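Here is how the chains run, residue by residue.
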Amino acid sequence: MLVDWVASLYQSVQATFVAHGWPLWVLAVLTAVLKVAGVLVWILLNVLFLIWLERKISGHVQNRPGPVYTGRFGLLQTLADALKVLLKEDVIPAGADRWVFVLAPLVAFVPSVMIWVVIPFSRGVQAQDLNIGILYVAALASFTVPSLLMAGWSSDNKWSLMGALRSAAQLISYEVPLILAELGVVVLAGSLRLSDIIAAQQRSVWFLFLQPVGFVVYFIAALAESNRTPFDLPEAESELVAGFNTEYSGFRWSIFFLTEYANLLGMASLAATLFLGGWSGPFLPPFVWFVIKTYFFVFLAMWIRWTLPRIRVDQLMDLGWKFLLPVALVNLVVTGVFVVL
Amino acid sequence: MIPLGYILGFSALLFGLGLYGALTRRNAIRMVMSIELMLNAVNVNFLAFSRYLNPGDPRGSIWAIFVMTVAAAEVALGLAIILMLSRRQDDIDVDKVHSLQG
Amino acid sequence: MNTTLLAFFIVAFISLVAAWRVITDPSILHAGLWMGLSFVGVAGIFLLLEAEFLAGVQVLVYVGAITTIILFGIMLSDVGEVRVGPEPPGWVQAGAAWHRGLRHAFPLLVAAGFAGTMLGLYTQSGWGQLRERPLELAGLSVGGIGRELFSTFALPFEIASLVLLAALLGAIVLAMREEER
């Protein structure tokens, strides 16, 4: 309904542009800006909610109420925290590599927003339906490692550097099984385009049932990619102070924090799209389905974070290279054979 | 539309910069980086020719993908060698690596 | 001037400046980061040539793997820079002692000379006539690349995978410490 209204609005605006002879690239730029603004608002609102949700869930897992004072159910807690963080002094260490230090949070944040260009929110509601959808997401995710290395190196602090190196090793190790698990879905759907993948799931069943192994591999690897417990070694407070963002404070630190939750949300929505059929579902409007499925994964990730202990570095590497990678490869081969037959 | 000559000029400039770096820099890591720049320029050429001479043909992309494979293998090996050098003699100046010379 | 051409100039300029900084930046780590930027610029060129798949692979391989490995290598080897700054040949140093800027400009001059020579060669050959021919809008489909890769190029593809495997094993063996062998 809303979608149709927006589409008709776009049609009429386009007609106005053509009628007045205004250049069409202005319209293109205008739509692009509006899409970016929409995506940004979506991410910021969700991140505000996610942080509150995480604190509530952690509270209830640990048998305490979590934030309660600011607003109803403590809903305004994140807003208050955000204001506090923004008002703090923004320190750049004296020994820091200034430009790299300043750029690192941006290099981390921008790709995590750009991922949302291809995520389908609902039928036809997608900023741009790229034909390389999943590859695009994987390519953007690869910016994370350089950004962490930049942050760790430029801080001129051994904890930061150790955290960055650990984190980079972890992300590289888990990127391989992650992409292999995504490839299983791609082989089944026969396309990299996310809307095609959803259409393929509408024709058959959710890929969760056709790719159970791939799904488990994807989910574990995605948890590791978003640096969450049990894989939060890069920022293991008890060992490394705060990992790569030890020296970051105020606004820049909040950008890293924002990135972390934006990545979590991105991973969850991608999982929903790849394995649970995205926005498709009966009775409820597509967008509601999309939100429900995404938040299902978000909740799962938070639940796991607050119930499992952190694993050791050697266990982390063993799990990635000696378990997930072979399993993902076998899964891919079996899927390929299945599709050919 | 971009004239083919512009793209070829771009890739030739990129290749020239990489060539200069690979020939004049004695830091092993910087040499590896320069070589990567050259390989990138080669990829641009492959793709440009394939897109302009025979637009629907995927072969230009395929050759570029092979070049990337080789580049990745080369960087992995090169960095392993550089790491070993830096452990053995605390220096990665390629002119000082002559322990294999007779 | 149309937007594609404008975009091409911007992307090419960024990529070339980054490439120039790779060989002239005094800090080796900054050089590595500039290299990453240059790779992203080349991916932009691929996008302008309407090869989205290759652009994605370019970012994935060059930014995600190669830049990361090189940054890792820099941080692990911890040797910093050997012989800081560029060293042009003796005749340039003699002539340019009065002008330090030329030391940084020299790579650009060499590259420009090389590019000029190459473009001259291109125009000598039959490709010269292609200068004005616009890019036809026949999209490169991912499926087409895949089919060609696994039929005509199946053997090279397998050999490439063997090369990667050999490189992987070689890198592991080389990087092992002596006592671990």
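Since the model is a prediction, treat every value here as computed from it, not as a measurement.

## Let's talk about the overall build of chain B
Working step 1: Scanning chain B from terminus to terminus reveals three helices and zero strands.
Working step 2: When its helices and strands are written in sequence order, chain B yields α-α-α.
Working step 3: The long-range share in chain B, meaning contacts at least 24 apart out of those at least 6 apart in sequence, stands at 49%.

## Some remarks on the overall build of chain A
Working step 1: Assigned secondary structure in chain A consists of 14 helices and zero strands.
Working step 2: Helices and strands in chain A line up, N terminus first, as α-α-α-α-α-α-α-α-α-α-α-α-α-α.
Working step 3: Radius of gyration (C-alpha) of chain A: 21 Å, near the 20 Å computed for a compact globule of 341 residues.
Working step 4: With respect to the three principal axes, the spread of C-alpha positions in chain A is 60 × 55 × 40 Å.
Working step 5: A total of 341 residues make up chain A; the buried ones form 43% of that total.
Working step 6: Within chain A, contacts between residues at least 6 apart in sequence are counted, and of these 76% link residues at least 24 apart.

## Structural notes on the environment of A:Tyr10
Residues and elements named next belong to chain A.
Working step 1: Along the chain, Tyr10 falls in helix 1 (residues 2-20).
Working step 2: Residue class for Tyr10 comes out partly exposed when judged on the 13 C-beta atoms lying within 10 Å of it.
Working step 3: A C-alpha to C-alpha distance of 14 Å links Tyr10 and Gln126, two positions 116 residues apart in sequence.

## Considering the nonpolar core
Working step 1: Counting residues in hydrophobic clusters, the biggest one holds 171 residues, and the most contacted among them are A:Ala221, A:Ala271 and C:Ile70.
Working step 2: Residues within four places of C:Ile70 in sequence aside, it is in contact with B:Ile29, B:Val32, B:Met33, B:Val75, B:Leu79 and C:Gly32.

## Description of the interface of chain A and chain C
Working step 1: If you look at the interface, chain A gives 21 residues, while chain C gives 17 residues.
Working step 2: When grouped by side-chain class, the residues that make up the side of chain A that touches chain C number 19 nonpolar, two polar and no charged.

## What about unusual backbone geometry?
Working step 1: Its identity as a non-glycine residue notwithstanding, A:Asn63 has a phi of 60 degrees, on the positive side.
Working step 2: Position of A:Asn63 relative to the elements: it lies in the loop between helix 2 (24-61) and helix 3 (77-87).
Working step 3: Of the residues examined, A:Asn63 has 6 C-beta atoms within 10 Å and is grouped as exposed.
Working step 4: Phi at C:Glu50 is positive, roughly 60 degrees, even though this residue is not glycine.

## Comments concerning the packing of helix 2 of chain A against helix 12 (residues 250-275) of chain A
All names here are of chain A.
Working step 1: Contact geometry for helix 2 and helix 12: axes closest at 9 Å, N-to-C directions at 95 degrees. Taken as axis vectors, helix 2 and helix 12 run roughly perpendicular relative to one another. Contact with helix 2, carried on its side by Ile43, Asn46, Val47, Leu50 and Ile51, involves Leu258, Tyr261, Ala262, Leu264 and Leu265 of helix 12 and no other residues of that element.
Working step 2: Across the contact of helix 2 with helix 12, the residue classes break down as nine nonpolar, one polar and no charged.

## Let's talk about the interface of chain B and chain C
Working step 1: In this complex, chain B contributes 65 residues to the contact, which on the side of chain C involves 73 residues.
Working step 2: Those elements giving two or more residues to the side of chain B that touches chain C turn out to be helix 1 (4-24), helix 2 (28-53) and helix 3 (59-89) of chain B.
Working step 3: Examining the composition of the side of chain B that touches chain C, we find that 22 residues originate from one element, helix 3 of chain B, more than from any other.
Working step 4: When grouped by side-chain class, the residues that make up the side of chain B that touches chain C number 43 nonpolar, 13 polar and nine charged.

## Details of the domain arrangement of chain A
Residue and element names in this part refer to chain A.
Working step 1: Once the domains are mapped, chain A shows domain 1 (13-87) and domain 2 (93-340).
Working step 2: The partner domain 2 presents 17 residues to the 16 residues of domain 1 that form the contact.
Working step 3: Only helix 2 and helix 3 provide two or more residues apiece to the side of domain 1 that touches domain 2.
Working step 4: Top contributing element to the side of domain 1 that touches domain 2 by residue count: helix 2, with 13 residues.
Working step 5: Its residues assigned to classes, the side of domain 1 that touches domain 2 shows twelve nonpolar, two polar and two charged.

## Observations concerning the packing of helix 1 (residues 3-24) of chain C against helix 2 (residues 28-48) of chain C
A packed helix pair is summarised by two numbers, namely the angle formed by the two axes and the spacing between the axes.
Residue and element names in this part refer to chain C.
Working step 1: For the pair helix 1 and helix 2, the least separation of the axes is 8 Å and the interaxial angle reads 155 degrees. Put simply, helix 1 runs roughly antiparallel to helix 2. Of the two elements, helix 1 crosses helix 2, and the hand of that crossing is left-handed. Here Thr4, Ala7, Phe8, Val11, Ala12, Ile14, Ser15, Ala18, Ala19, Arg21 and Val22 of helix 1 lie close against helix 2, whose contacting residues are Ala31, Trp34, Met35, Leu37, Ser38, Gly41, Val42, Gly44, Ile45 and Leu48.

## As for the confidence of the model for chain B
Interpreting fine coordinate detail is not advised for predicted regions of low pLDDT.
All names here are of chain B.
Working step 1: Counting all residues, the mean pLDDT for chain B is 82, and 87% of those residues have values of 70 or more.
Working step 2: Across chain B, element-level confidence peaks in helix 2 with a mean pLDDT of 87 and bottoms out in helix 3 with 85.
Working step 3: Scored as a whole, the predicted complex attains pTM 0.85, and scored at its interfaces, ipTM 0.87.

## Some thoughts on the environment of A:Thr78
Residue and element names in this part refer to chain A.
Working step 1: Its place among the elements puts Thr78 in helix 3.
Working step 2: Here Thr78 falls in the buried class, since 21 other C-beta atoms lie within 10 Å of it.
Working step 3: In this structure, the C-alpha to C-alpha distance between Thr78 and Pro67, residues eleven residues apart in sequence, is 9.4 Å.
Working step 4: Sequence-distant contacts of Thr78, defined by excluding residues within four places in its chain, comprise Leu48, Ile51 and Trp52.

## Digging into helix 14 (residues 313-340) of chain A
Residues and elements named next belong to chain A.
Working step 1: Compared with the 40 Å implied by 1.5 Å per residue over 28 residues, the 39 Å span of helix 14 between its first and last C-alpha is a close match.
Working step 2: By the largest-angle criterion, Leu324 marks the main kink of helix 14, which is about 30 degrees, and a proline, Pro326, follows within four residues.
Working step 3: All of the buried residues along helix 14 are Leu316, Leu319, Gly320, Leu324, Ala328, Asn331, Leu332 and Thr335.
Working step 4: As for helix 14, its buried residues are in contact with helix 7 (158-189) and helix 10 (212-225).

## Thoughts on the environment of A:Asn131
All names here are of chain A.
Working step 1: Here Asn131 lies in the loop between helix 4 (98-114) and helix 5 (133-141).
Working step 2: In this structure Asn131 comes out as partly exposed when scored by C-beta crowding, with 19 C-beta atoms within 10 Å.
Working step 3: For Asn131 and Asp196, which are 65 residues apart along the polypeptide, the C-alpha to C-alpha distance reads 9.1 Å.

Each value, and the rule that gives it
Residues numbered from 1 in each chain as written. Chains lettered and ligands numbered in written order. Predicted model: local features only at pLDDT ≥ 70, side-chain atom pairs only at ≥ 80, totals over all residues. Helix = DSSP H or I, 4+ residues; strand = E, 2+ residues; numbered from the N terminus. Contact = placed C-beta atoms within 7 Å. Rg over C-alpha atoms; globule rule 2.2 N^0.38 Å. Buried ≥ 20, exposed ≤ 12 C-beta atoms within 10 Å, placed from the backbone. Core = buried A, V, L, I, M, F, W, Y, C linked by C-beta atoms within 7 Å. Nonpolar A, V, L, I, M, F, W, Y, C, P; charged D, E, K, R; others polar. Axes fitted to C-alpha atoms, helices over the stretch in contact; angles between N-to-C directions. Parallel < 35°, antiparallel > 145°, perpendicular 65-115°, else oblique. Domains from an automatic or database assignment. Left-handed = near helix turned anticlockwise from the far one by under 90°. pLDDT = per-residue confidence, 0-100. Expected span 1.5 Å × (residues − 1). Bend = angle between axes of the 7 residues up to and from the residue.

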